[in-house]
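Architecture at a glance
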Amino acid sequence: MAVKMFLSKTRTSLSLFLCQHSSSPTCHFQPFRVSSISSSFSTNGFWTNNSLQSLRYFSQPILQNNPTNNVNEICRVLSDYRSPHHDIESALNPFSTTISTDLVEQVLKRCKNLGVSAYRFFLWAEKLQNFSHSKDSYDILINILGSNKQFPLLWDFLTEIKEDGVHQLRHENFWNIFRAYARANLPGDAIRAFKRMKEFDLKPGVTDLDNLLFALCKRKLVKPAQEFFDKVKLEFDPSPKTCTILMMGWGDLGASDETRKLFDEMLERGCKMDLVAFNTLLESICRGGKPAEAYKLFREMGSCNLKPDAFTYSIFIHAACEADDIHSAIRVLDRMKRYNLVPKVFTFNTIIKLYVKNEQQDEAYLLLDEMIEGGVNPDVWSYNAILAFHCNRTEVNQALKLISKMEKDSCLPDRHTYNMLLKMLIRVGRFDRAMGVWESMGEKGFFPSASTYAVVVHGFCKKKGRTEDACKFFEMMVDEGIPPYRSTCKLLRDRLLSLGLEEKTQILADKMQRSTSCTIQELSSTMSGEEDIDGGSRKEDEEVQKPMWYAHCESESSDG
């Protein structure tokens, strides 16, 4: 962490130096262009020849001989120049001699959340002499554009691929498009994408239909999925899997009557009943609030020549936990042990969450140990559920001991872990411990994002006499090129103004304006007060206030 921060600050300091001596009011510093630095400054006497030689020695391996650093720097450019009106091509040109198919793939994978920038980078690399993209690069970019909801760009890209004839689209590409439209809550567009497969020389089959229905049902878009299935089921030969997907969809909505209807339809068509379909029916009935009916059906499995598996029993564990019935859940778990059936981690986590909810943390710890002894490795959610309990009760020692246990059990903390822990430590005034946790993050390979910085800055802003620390971490975030939340900018600005430190807000705004990140530059108006912003988005506030998906583990009093 310390080395990373030093390199970032070195790069930022150099950027600021160049900006201060640039004729342009807004400087977009391009990393490590030593020749331009030499020509611009050697005549002015700012640096000696030895200084320039040292800089060349420092920068050349990064640009030419170190692919990992090249990936990092290109990703930084894509993040800094994410707006369509930014001149990203000029910023990328210094890297043209280092581009390879492997490097392009790594950059695209790292920048999966930067749809427009990734697309422009792909087109820029495509124009380079003697370079051609790999098959995987095409597939990765299709996924990126879809996941970022850049659908017009996506279809333009697909059309270009067809016209160029360099790359052959595959059925799997359209499965990803179905999922992207479903995530965007656009079922009609997902269905139209299915119909358009023929335009790209791909004949849709039952496997494509299954993937379309699964994508829609997973996002609870079951009604349009069912309606489309009813229209086309005579054109295809639906498999038991097709009906099971729809059954799962209705089951997730608790519509057990619809699930039973599909189940009976399968029997009428003479489809061979399998365990997956039967489990889906049981799960749907339980989610519909009828566990007794599901248990009655469970007892009839033998007559269908079906034997319950671990998932079958897990259905009843989840139903018991939903009903806040920990004793029934444990009875089912004990029954599974007798039959040598082992639940998945997700099922164990459901029981752990219920233990925590009922303030039975000792039993939760025992279940963790039992999981490990049984060969099931707890995941980060297993530990985070218990950690949320300790953080809510401000049990500092227990929380830190749990982090140590995670390390011992070879489970790495995630951003939720650190956000909860840092928030609690700052809230109770254990600043030394908070800084110790912060320093240890880099050693564990975790580097904070905007949400983690926000937790720290917000926490210090709310503690008397710690505004300087809040500023320090805010500046650190800017130095790292991480755009802060608008709500973070506004909170820090309001805190400084309340203390009569208006000059400091302008210093921070100036620092942001000199950043290599265009997004940070644009946010400087919020810090300076030139832009009237009521606050950040609701999502930003939730990142800081409710960092866990099991928000019931944190009371309102922990928002501090």
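Residues numbered from 1 in each chain as written. Predicted model: local features only at pLDDT ≥ 70, side-chain atom pairs only at ≥ 80, totals over all residues. Heavy atoms only, no water.

Side note on the UniProt feature "repeat: PPR" (unreviewed entry) in the chain
Inclusion rule: UniProt positions are given in the numbering used here, feature names are shortened, and annotations may be inferred rather than shown by experiment. We count a stretch as a helix when DSSP gives it H or I for four or more residues in a row; a strand needs E for two or more, and each element gets its number in order from the N terminus.
Cross-referencing UniProt, the feature "repeat: PPR" (unreviewed entry) maps to residues 239-273, 274-308, 309-343, 344-378, 379-413, 414-448 and 449-484 in the present numbering. The distance from the first to the last C-alpha atom of residues 239-273 is 11 Å, and the span holds 74% helix and 0% strand.

Section: the packing of aromatic side chains
How two aromatic rings sit relative to each other is given by the distance of their centres and the angle of their planes. The cut-off we apply is this: The criterion for an aromatic pair is that two Phe, Tyr or Trp rings (for Trp, the six-membered ring) have centres within 6.5 Å, with stacked assigned to planes under 30 degrees apart, edge-to-face to planes over 60 apart and tilted to the rest. Only protein chains enter the area calculation, which uses a 1.4 Å probe; residues under 20% of their type maximum are buried, those over 50% are exposed, and those in between are partly exposed. Two conditions define a charge located above a ring, namely a distance within 6 Å from the ring centre to NZ of Lys or CZ of Arg, and an angle within 35 degrees of the ring normal.
Per the counting criterion, the structure on display carries 23 aromatic pairs. On the numbers, 6.3 Å between centres and 85° between planes, the contact of Y295 with F316 is edge-to-face. You can see Y295 sitting in helix 17 (residues 291-298) and its partner F316 sitting in helix 18 (residues 310-322), a full 21 residues away along the chain. With a relative accessible area of 38%, Y295 lands in the partly exposed category. Residue class for F316 comes out buried when judged on its relative accessible area of 12%. Here the aromatic cluster, defined as three or more aromatic residues joined through ring pairs, consists of Y295, F298, Y313, F316 and Y339. For the cation-ring pair, R196 lies above W155, with the distance from its terminal atom to the ring centre recorded as 4.1 Å. Here the basic side chain of R466 rests over the ring of F431, its NZ or CZ set 4.0 Å away from the ring centre.

Some remarks on helix 26 (residues 450-461)
What counts here: Here a helix's expected span is defined as the number of its residues, less one, multiplied by 1.5 Å.
Relative to the 16 Å expected for 12 residues at 1.5 Å per residue, helix 26 spans 16 Å between its end C-alpha atoms, a close match to the ideal helical length. Of the positions making up helix 26, those classed as buried are A450, S451, T452, Y453, A454, V455, V456, V457, H458, G459, F460 and C461.

Considerations on the side chain of S528
We count it as follows: Contacts described as polar in this section are N or O atom pairs within 3.5 Å, which, within protein, must combine one atom able to donate a hydrogen with one able to accept it, while residues neighboring in sequence count only if both atoms come from side chains. Only heavy atoms matter for contacts: two residues are in contact if any of them lie within 4.5 Å across the pair.
Its place among the elements puts S528 in helix 30 (residues 518-528). Residue class for S528 comes out buried when judged on its relative accessible area of 16%. Reaching out from S528, the side chain makes a polar contact with the backbone oxygen of S525 at a distance of 3.2 Å. Excluding its chain neighbours within four sequence positions, the residues that come into contact with S528 are R493, Q506 and A509.

Notes on the nonpolar core
Formally: We define a nonpolar core as any set of buried Ala, Val, Leu, Ile, Met, Phe, Trp, Tyr and Cys residues linked to one another through side-chain atoms lying within 4.5 Å. As used throughout, domain bounds are those supplied by an automatic or database domain assignment.
Of all hydrophobic cores here, the largest spans 166 residues; its most connected members are I99, F121 and F474. Counting only domains with at least three residues in this core, you end up with domain 1 (239-304) and domain 2 (448-531). When near neighbours in sequence (up to four residues on either side) are disregarded, F121 contacts I74, L78, L92, I99, V104, V107 and L108.

Observations concerning a negative patch on the surface
For clarity, the threshold we go by: Patch construction takes residues with relative accessible area above 30% that form no salt bridge. Like charges are linked within 9 Å, and nonpolar side chains (Val, Leu, Ile, Met, Phe, Trp, Tyr) are linked within 5 Å. Every accessible area reported is derived by Shrake-Rupley at a probe size of 1.4 Å, with residue values counting cover from the shown protein chains alone. Throughout this description, the term salt bridge denotes a Lys or Arg side-chain nitrogen within 4 Å of a carboxyl oxygen of Asp or Glu. Here the positive residues are Lys and Arg and the negative ones are Asp and Glu; neither His nor the chain ends is included. All charge positions are set by atom: Lys at NZ, Arg at CZ, Asp at CG, Glu at CD.
On the surface, E126, D156, E160, E163 and D164 cluster together into a patch of negative charge. Considering each element in turn, the negative patch owes the most residues, four residues, to helix 9 (residues 151-164).

Quick notes on the pattern of salt bridges
Within the structure shown, the criterion is met by 26 salt bridges. Among the salt bridges present, the one from R170 reaches D139, with a minimum N-O distance of 2.6 Å. Residue R170 is located in the loop between helix 9 and helix 10 (171-183), and its partner D139 is located in helix 8 (residues 135-147); the two are separated by 31 residues in the primary sequence. Residue R170 is classed as partly exposed on the basis of its relative accessible area of 28%. Its relative accessible area of 9% is what places D139 among the buried residues. Taking the shortest distance from any N to any O, the salt bridge between D469 and R466 comes out at 2.8 Å. Connected through shared salt-bridge partners, K135, D136, D139, R170 and E172 make up one network.

Quick word on a positive patch on the surface
Together, K149, R179, R183, K218 and R219 make up a positively charged patch on the protein surface. Considering the arrangement of structural elements, one finds R219 in the loop between helix 12 (206-218) and helix 13 (222-232). In this structure R219 comes out as partly exposed when scored by relative accessible area, which is 43%.

Let's talk about the state of the cysteines
Quick reminder of the rule: Here, two cysteine sulfur atoms that lie within 2.5 Å of each other are counted as a disulfide.
This model, assessed by the stated rule, comprises zero disulfides. Looking at the unpaired C471, the closest cysteine sulfur is the one in C461, lying at 7.1 Å.

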